[in-house]
Amino acid sequence: MKQSFIYLFLISLSILFSCTEKFEKQISDLSKTRDSLQTIVKEREDLLAANELIIKEIQATLDTIAGKEQILSDNVENAQIKDKILSEINKLQGKIDQYKKQYQSNLGRISGMKSEISQLKRTVVDLNNEITNKNTEIQNLKTENGQLKDKTIKQAQSLDSMAKVVKQRESVIQDKEAEMRIAYYVIGTKKDLVAKGILNKNGKQLNGKPDSKLFTQIDYSKNTSFPIQAKQAILITPHNKDSYEFFSASATKTDSFHIVKPKDFWSASKYLVIVVK
């Protein structure tokens, strides 16, 4: 459950990063488009200003031509002067023609820019709308991420608490199991065991309830073999005969005592007493 919340949170973050990258690209595209639009608008304004200057230049040239034509109309008799004035008028007329060509060329470029400006304006509007929508989407994702993060944290905290409880219970169970596996044993001569109060005076039975302090404590799941090294060994405490065995390498000596079925052996008594001679 914890991993699934984290997985969903990571997916949500990935989507948010993806949206943020797209958002940044759209802002970059908008900036470039605005720059292009400003450049074209500035060029258009420069062309319009240039055409205004051309009109003024044409008007001034026409005024100059008119002045020279007035001189001709005054019946200039000198042919040389008359030819010179006509030459000057022709040059001025040629200048006007050049102005007109430049004016028409500028008008053509201005006319072409109208469509481009219109398209760029539409692009700017579209990009602004996309950015607004994307910004809304990102804000919604941030809100969802925040909510999912809170849920993930709460879920993680809840799972951590549950894990601690489970761990505590497992520890209690392990302690209980370890406690259940506790057993006690003592190996000694009849005289010593009677003297310690473990056996009664005849040395054949336990002397009442055993005092665990007089025994060696063991975990019976780990301790199944006990060295004897005596001529004779007698098991005093009651245990299932099929659950243990004495091992002797020779007929004159008992080497060790082995528990072959621990659970069965210790089910009868948690105390093991062996008298040796």
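Everything in this summary refers to the structure shown in the same document. Remember, predicted model here, so these are calculated numbers, not experimental data.

1. Considering the nonpolar core
Core analysis: the biggest nonpolar cluster contains 16 residues, and Ile228, Phe257, Phe265, Trp266, Leu272 and Ile274 have the highest contact counts within it. Those elements that provide at least two residues to this core are strand E3 (225-230), strand E4 (233-235), strand E6 (254-259), helix H4 (262-268) and strand E7 (271-276). Not counting chain neighbours up to four residues away, the residues in contact with Ile228 comprise Ile187, Ala233, Thr254, Asp255, Ser256, Phe257, Ile274 and Val276. In terms of nonpolar packing, the next biggest core, distinct from the first, is built from 10 residues, Val186, Leu193, Phe215 and Ile236 among them.

2. Digging into the side chain of Thr254
Structurally, Thr254 can be placed in strand E6. Not counting residues up to four positions away in its chain, the partners in contact with Thr254 are Ile228, Gln229, Ala230, Lys231, Gln232, Ala233, Phe246, Phe247 and Ser248.

3. Considering the sheet that holds strand E5 (residues 244-247)
Across the sheet, which stays open at both edges, the three strands sit in the order E3-E6-E5 with antiparallel pairing between neighbours. Looking at which strands have only one partner, the edges of the open sheet turn out to be E3 and E5. Each strand of the sheet is rotated relative to its neighbour by a mean of 20°, with strand direction disregarded. Bridge count for E3 against E6 is four bridges, and the pairing is antiparallel.

4. Side note on the environment of Leu48
For Leu48, the location among the structural elements is in helix H1 (residues 2-73). A C-alpha to C-alpha distance of 8.2 Å links Leu48 and Leu107, two positions 59 residues apart in sequence.

5. Quick word on the packing of aromatic side chains
Here the structure, examined in full by the defined rule, presents 11 aromatic pairs. Here Phe215 and Tyr271 contribute two aromatic rings whose centre-to-centre distance is 4.9 Å and whose plane-to-plane angle is 70°, an arrangement assigned as edge-to-face. Remark: Tyr271 occurs in strand E7 and Phe215 occurs in the loop between helix H3 (190-195) and strand E2 (216-219); sequence separation between them is 56 residues. Here the aromatic rings of Tyr244 and Phe257 are separated by 5.4 Å at their centres, their planes lie at 35°, and the arrangement is tilted. Placement of the pair is Tyr244 in strand E5 and Phe257 in strand E6, with a sequence separation of 13 residues.

6. Comments concerning the sheet that holds strand E1 (residues 182-189)
Pairing is mixed across the open sheet formed by four strands, whose spatial order is E2-E1-E7-E4. In this open sheet, the two strands that pair with only one neighbour each are E2 and E4. Shown here is a sheet whose adjacent strand axes are inclined to one another by a mean of 30°, direction ignored.

7. Overview of the pairing of E5
Where E5 meets E6, four bridges bridge the pair, whose relative direction is antiparallel. Pairing of Tyr244 across the sheet is with Ile259, part of E6. From the end of E5 to the start of E6, which pair antiparallel, there are six residues.

8. So, the environment of Ala230
For Ala230, the location among the structural elements is in strand E3. In this structure, the C-alpha to C-alpha distance between Ala230 and Lys253, residues 23 residues apart in sequence, is 5.7 Å. With residues up to four places along the chain from it excluded, the contact list for Ala230 reads Lys253, Thr254, Val276 and Lys277.

9. Regarding the pattern of salt bridges
Close approach of charged atoms lets side chains of opposite charge pair. Applying the stated rule across the entire model yields two salt bridges. Lys42 serves as the salt-bridge partner of Asp46, at 3.1 Å between the closest nitrogen and oxygen. Of the two residues, Asp46 and Lys42 are both situated in helix H1; the distance of four residues between them amounts to about one turn of the helix. Of the charged contacts in the structure, one is a salt bridge between Asp219 and Arg181, with a shortest N-O distance of 3.2 Å. Taken together, the positions of Asp219 in strand E2 and Arg181 in the loop between helix H2 (79-180) and E1 put the pair 38 residues apart, joining distant regions of the chain. Accessibility expressed as a relative area gives 17% for Asp219, which makes it buried. A residue is classified by how much of its surface remains accessible, and Arg181, at 25% relative accessible area, is partly exposed.

10. Re unusual backbone geometry
If you check the backbone angles, Gln229 has positive phi at about 55° while not being a glycine. Along the chain, Gln229 falls in strand E3. Take Gln229: its relative accessible area is 48%, and that puts it in the partly exposed class.

About the criteria used
- Residues numbered from 1 in each chain as written.
- Predicted model: local features only at pLDDT ≥ 70, side-chain atom pairs only at ≥ 80, totals over all residues.
- Heavy atoms only, no water.
- Core = buried A, V, L, I, M, F, W, Y, C linked by side-chain atoms within 4.5 Å.
- Buried < 20%, exposed > 50% of the residue type's maximum accessible area, 1.4 Å probe, protein only.
- Helix = DSSP H or I, 4+ residues; strand = E, 2+ residues; numbered from the N terminus.
- Contact = heavy atoms within 4.5 Å.
- Pairing = 2+ DSSP bridges.
- Axes fitted to C-alpha atoms, helices over the stretch in contact; angles between N-to-C directions.
- Phe/Tyr/Trp six-rings, centres within 6.5 Å; stacked < 30°, edge-to-face > 60°.
- Salt bridge = Lys/Arg side-chain N within 4 Å of Asp/Glu carboxyl O.

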